[in-house]
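Letter by letter, the chains look like this.
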Amino acid sequence: MLSKAKLWLSLALSTLLFWSAGLHAAWDLNMPRGVTQMSRDTYDLHMTIFWWVVAIGVVVFGAMLWSIINHRKSKGVKPATFHESTKVEIVWTLIPFLILIAMAIPATRVLTAAYDTTESELDVQIIGYQWRWEYRYMRDNMDEEEVSFFSVLATSREEINNGVEKTENYLLEVDRPLVIPTNTKVRFLMTSADVIHAWWVPDFAIKKDTIPGFINETWVIVEEPGIYRGQCAELCGMEHGFMPIEVHALAPADFQAWYEEQQAGVRQIRELAAAEMTMADAMAQGEQIYNRNCVACHQPGGVGMPPVFPALVGSAKAIGDTAVTMDTLVNGVPGTAMAAYGRQLNPIELAAIITYVRNGFGNSAGDVVQPADVNAYIQEGQ
Amino acid sequence: MSAAHDHHHGPAKGLSRWLYTTNHKDIGSLYLWFSFAMFLLGGTFALVIRAELFQPGLQFVEPNFFNQMTTMHGLVMVFGAVMPAFVGLANWMIPLMIGAPDMALPRMNNWSFWILPFAFAMMVSTMFMEGGGPNFGWTFYAPLSTTYAPPSTTFFIFAVHIMGASSIMGSINVIATILNMRAPGMTLMKMPLFVWTWLITAYLLIAVMPVLAGVVTMMLFDIHFGTSFFNAAGGGDPVLFQHLFWFFGHPEVNIMILHAFGVVSAIIPTFARKRLFGYDSMVYATASIAFLSFIVWAHHMFTVGMPLAGQLFFMYATMLIAVPTGVKVFNWVATMFRGAMTFETPMLFAIAFVVLFTIGGFTGVMLAITPVDFQYHDTYFVVAHFHYVLVPGAVFSIMAATYYWLPKWTGYMYDETLGKLHFWLSFIGVNLLFFPQHFLGLAGMPRRIPDYALQFANFNWISSVGGFLFGFSQLILLFVVIKCVKGGKKATDQVWEGAQGLEWTVPSPAPYHTFETPPDPKLIHAQ
Ligand code: HEM
Ligand SMILES: [Cu+2]
């Protein structure tokens, strides 16, 4: 009887799934099967347990429904008087217990595998910030040519505020995705610079908290090249809903090419930082950086949201001593949501954004801060 | 002595009756009305959330305000609506059920109620302070709730302290009453299950509330006195916060449901006209759930990076909870089996409770499976899970209890047609609201976000429609209760044909003072 019920149910469910898949992806009912061994194991475990509880539900709710239909006073039935049965009670304590053991065995196996972080071929550090991710590739020559970058939501504020049509990857797209090689054991070392975040990509079945002061480990072997998306899963403050994750998995050779390109980029920025910047350049670049990194708190037009997020218009820290603006941007303001951008932006970007807040939104400090000034400031601080 | 004097007059007149009352029935009513007010307030916050999530994009509120809404909704519902409702039921019903004249500590009873409105007024007022109210979720994880919190957090901490004090006083009162004031012949194993579940959860509350008080005090010190309990930069440990919070939090969620078990165990036998099946095993199951609730807390923390052995321990322990929980469900079904059932509003709510709570239990077992929890955790799947156990679970049981005992409280029958209308709208609303959230979570929607990717749009609008349906249906309950207080068909003392227990031996409405002399021991039957 049980297996028949199961058959009917799976038929009903698969029709439903089929029908909905045809309609629109937006009717997704289930977890993705994903692209790793781990994610498939997780999915299978999920389905096994799902069918167990469906079967139990059919029995329990079936018995209940049957009583509701047949044992009603309006049918003139007389209530029975039994009110206990040690035998029955032992049976229905033991059976669930056995079912649970049957579930615990595969669960233990999958969990143990998930914990095996040994023998990784590439290590990437993931650092959570309010509200962006930093990825750092931990490779041999990382001291001189460290490949590390921040990954920030790329969806525009106009889309979020319903000013323009939303595009396909609304809220799931970033400016610079994490890039990893396929068929390679990549280990992630995760921590946070401020509050707790959680890095989650459903297709990998990985979700792990990034916690200040701790380093958590997890790993992935992606089999298919492709673009995989996820989001921060742990409430981390105002913009928690706006710090997505985008991972590009490339074939190992493509990955290597990409990686070398990044290293070349690092060298190039070092050279460019020596050049002089004009006011027009700085303001144009600064505006872009502002809209990407600062606007969530300090708001369009620099009006802020006092008292937590101060206005920049006319702010003493913005238009006063250059060193103070520089310090605020480079080191942040500890204990507040104002992050330290010294590592998040390169010296050229820092120079541009500092110039922008000093001279944008009607501020008029008048000076153009140069990448070399920023470099000097950072060096001095160390 | 004054007892003899009291005997001759009823309640005082006007406002002072309510301010100074030490009468368990008055205090019970105060708790229940307070709880209903908080239910509407918390519900309003929820509707703000559902309105914002009706469509992708930001329409009505700023993200920071949205976070205040989710936080306040959770806090108000857990500490303001559900807990006080059960304390109200305890005040009204425990003395009536065990044949006691009042609660054991009536003055403390007054105090434990009257500090609550102040706690909530203070907590809600934080939303009007500079920087806004708490915006870090009802679980208020550090350091988001310490180093990065708005300045009003200090008031939030104070409010939590007051709520905790109120709960502890209420629990001491319940324990003292049950252990000392049972009528002769009311042995422990003859007590109604509602009394048993309260006795057990009162101990749980006394055990865990101080932990909550401790953890908020540590927050206070981190914020104002330069300590670093939860601040990694000062050598502290943010994960410690979660261990402490959930050592309180998991027993807390079990407390809410155990009371509900007690209510449903009273209602189902009445309307099935058959004794509760397996009374003894019900008591033992309650005790085992209470015990297990102390050793499963870290199932809320499977993603923090505990060692493998820890993960396995908490996974196995959590799975074990399903066994006594299952026993309860099977016993209710066995009680209904071969009874002679009728389906008045309390029974409808009780049956819906059994089915929908069980669905929440099923997702609970799924969540217990650690490697799969990596996918479920912090998504709408968890939101669906705990709303199934809390709304059509705990809240439905409170509604069932209200309809069940309302005739005894007011002396009038409530309007059955409106009661059924309320039930069906709530039932449809709650499922429309929460069932699609399972799909959202599985498809990858994180919880606590004000805006979402396009593939989540469909189930979100369905959920929002359900939310508004459910929310507005509750006004029917308000109407039914007011109507019933004002008048209606006179209720008999027995009220329900199949009802058993001492509360049905006193007149309807229950007089201001009852059981001033103990009831006849012959009236006390095994449950
Ligand atoms: C069979 C019984 C149950 C089991 C095995 C169970 C298991 C779990 C697990 C493992 C989680 C953590 C999920 C996660 O965050 O990833 C959870 C969350 C939760 N459960 Fe249950 N649960 C059960 C019954 C209940 C009951 C009866 C209640 C309350 C009436 C409840 C209330 C909650 C709440 C409030 C949360 C989420 C708290 C939050 O993160 O905000 N659960 N449950
Ligand atoms: Cu729990």
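Just so we're clear, the structure is a prediction, and the values are computed from it rather than from any experiment. (Residues numbered from 1 in each chain as written. Chains lettered and ligands numbered in written order. Predicted model: local features only at pLDDT ≥ 70, side-chain atom pairs only at ≥ 80, totals over all residues. Heavy atoms only, no water.)

J.: Is there a simple way to think about the overall build of chain A in this case?
T.: Secondary structure summary: chain A contains 10 helices and 10 strands in total. Expected size for 382 residues packed as a compact globule is a radius of gyration near 21 Å; at 28 Å, chain A overshoots this value by more than 25%. With the principal axes as the frame, chain A shows a C-alpha extent of 95 × 50 × 40 Å. For chain A, long-range pairs separated by at least 24 residues make up 63% of all intrachain contacts whose partners lie at least 6 apart in sequence. With 27 positive and 43 negative side-chain charges, chain A shows a separation of 16 Å between the mean positions of the two kinds. (Helix = DSSP H or I, 4+ residues; strand = E, 2+ residues; numbered from the N terminus. Rg over C-alpha atoms; globule rule 2.2 N^0.38 Å. Contact = heavy atoms within 4.5 Å. Lys, Arg positive; Asp, Glu negative; His and termini not counted. Charge placed at Lys NZ, Arg CZ, Asp CG, Glu CD.)

J.: Hey, could you run me through the overall build of chain B in this one?
T.: A tally of regular secondary structure across chain B gives 15 helices and 0 strands. Here chain B has a C-alpha radius of gyration of 23 Å; the compact-globule value for 527 residues is 24 Å, and the two agree. For chain B, buried positions account for 68% of its 527 residues. The long-range fraction of contacts in chain B, counting pairs at least 24 apart against all pairs at least 6 apart in sequence, stands at 81%. Entry remark: accessible area of chain B is about 16700 Å², with carbon and sulfur atoms responsible for 72%. For chain B, the centre of its 21 positive side-chain charges and the centre of its 21 negative side-chain charges are spaced 13 Å apart. (Buried < 20%, exposed > 50% of the residue type's maximum accessible area, 1.4 Å probe, protein only. Areas by Shrake-Rupley, 256 points an atom, 1.4 Å probe, with all protein chains shown as cover.)

J.: What is the right way to read helix 7 (residues 193-224) of chain B from this model?
T.: In an α-helix there are 3.6 residues to a turn, and that puts residues three or four apart on one side. The terminal C-alpha atoms of helix 7 of chain B, which comprises 32 residues, lie 45 Å apart, in line with the 46 Å expected from a rise of 1.5 Å per residue. Approximately 25° is the largest bend angle found in helix 7 of chain B, and it occurs at Val208 of chain B, with the proline Pro210 of chain B only one to four residues beyond. (Expected span 1.5 Å × (residues − 1). Bend = angle between axes of the 7 residues up to and from the residue.)

J.: Could you clarify how one ought to interpret the interface of chain B and chain A in this entry?
T.: By convention, interface size is frequently given as the accessible area that disappears when the constituent parts associate. Contacts between the two partners involve 97 residues from chain B and, on the opposite side, 88 residues from chain A. A combined buried area of about 8200 Å² lies between chain B and chain A, and 71% of that area is made up of carbon and sulfur atoms. A per-residue breakdown of the area chain B buries against chain A is headed by Tyr148, Phe330 and Gln375 of chain B, which together make up 9% of the total. Our count for the contact surface shared by chain B and chain A stands at 1 salt bridge. Between Glu497 of chain B and Lys73 of chain A there is a salt bridge, with the nearest N and O atoms lying 3.0 Å from each other. (Buried area = accessible area lost by both parts, 1.4 Å probe. Salt bridge = Lys/Arg side-chain N within 4 Å of Asp/Glu carboxyl O.)

J.: Any chance you could explain the sheet that holds strand 5 (residues 186-192) of chain A here in plain terms?
T.: Note on sheets: strands pair through backbone hydrogen bonds, and any given pair is parallel or antiparallel. Residue and element names in this part refer to chain A. Strand order in this open sheet of 5 strands is 3-2-1-5-8, and the pairing throughout is mixed. Because the sheet does not close on itself, it has two edges, and the strands there are strand 3 (148-151) and strand 8 (216-220). On average, adjacent strands in this sheet sit at an angle of 25° to one another, irrespective of strand direction. In this sheet, strand 5 lies alongside strand 1 (residues 122-129) in parallel orientation, the contact comprising 7 bridges. The residue bridging Ile127 from the neighbouring strand is Thr191, located in strand 5. (Pairing = 2+ DSSP bridges. Axes fitted to C-alpha atoms, helices over the stretch in contact; angles between N-to-C directions.)

J.: Explain the coordination of the copper ion (ligand 2) here, please?
T.: Six octahedrally arranged donors around a metal ideally form angles of 90 or 180 degrees; four tetrahedrally arranged donors ideally form angles of 109.5 degrees. Residues and elements named next belong to chain B. Protein coordination of the copper ion (ligand 2) is provided by His250 (ND1), His299 (NE2) and His300 (NE2), with donor distances spanning 1.8 to 2.1 Å. Written as a sequence motif, the donor residues of the copper ion (ligand 2) are H-x48-H-H. A distance of 4.5 Å spans the gap from the copper ion (ligand 2) to the iron atom of ligand 1. Here His250 is found in helix 8 (residues 238-272), whereas its partner His299 is found in the loop between helix 9 (279-292) and helix 10 (308-336), with 49 residues between them in sequence. Residue classification places His250 among the buried positions, given a relative accessible area of 6%. (Donors = N, O, S within 2.8 Å, 3.2 Å for Na, K, Ca; no water.)

J.: Before we go on, may I ask you to explain the coordination of the iron atom of ligand 1 in this structure?
T.: One donor from the polypeptide reaches the iron atom of ligand 1: His385 of chain B (NE2), at 2.2 Å. As for its placement among the helices and strands, His385 of chain B is situated in helix 13 (residues 380-410).

J.: Where do I start with the site of ligand 1 in this structure?
T.: Residue and element names in this part refer to chain B. Ligand 1 sits among 22 residues. The nearest are Trp138, Asp373, His377, His385 and Arg447. Between Arg447 and ligand 1, the recorded distance is 2.8 Å, taken from a side-chain N or O atom to an oxygen atom. Of all elements in the fold, only helix 8, helix 11 (345-368) and helix 13 reach the threshold of two or more residues within the shell around ligand 1. Broken down by element, the shell around ligand 1 gets its largest block of residues, 6 residues, from helix 11. Residues that form the shell around ligand 1 fall into these classes: 12 nonpolar, 8 polar and 2 charged. (Near = heavy atom within 4 Å. Polar contact = N/O pair within 3.5 Å; in protein donor to acceptor, adjacent residues only side chain to side chain. Nonpolar A, V, L, I, M, F, W, Y, C, P; charged D, E, K, R; others polar.)

J.: Could you clarify how one ought to interpret the confidence of the model for chain B in this entry?
T.: In regions of low pLDDT, the predicted coordinates are not meant to be interpreted in detail. All names here are of chain B. When pLDDT is averaged across chain B, the result is 94; 98% of the residues are at 70 or more. Counting interchain partners and residues more than four positions distant, the pLDDT-below-50 stretch residues 1-6 has 1 contact. With a pTM of 0.89, the predicted complex shows an ipTM of 0.91. (pLDDT = per-residue confidence, 0-100.)

J.: What is the right way to read the nonpolar core from this model?
T.: In globular proteins that are soluble, nonpolar side chains generally tend to be buried together. Ranked by size, the top nonpolar core spans 267 residues in total, and within it Tyr137, Phe188 and Trp199 of chain A together with Phe79, Trp198 and Trp332 of chain B carry the most contacts. For this core, the element with the highest residue contribution is helix 4 (residues 63-98) of chain B, accounting for 22 residues. Formed by 25 residues, the second largest nonpolar core is a distinct cluster that contains Met277, Ile289, Tyr341 and Val369 of chain A. (Core = buried A, V, L, I, M, F, W, Y, C linked by side-chain atoms within 4.5 Å.)

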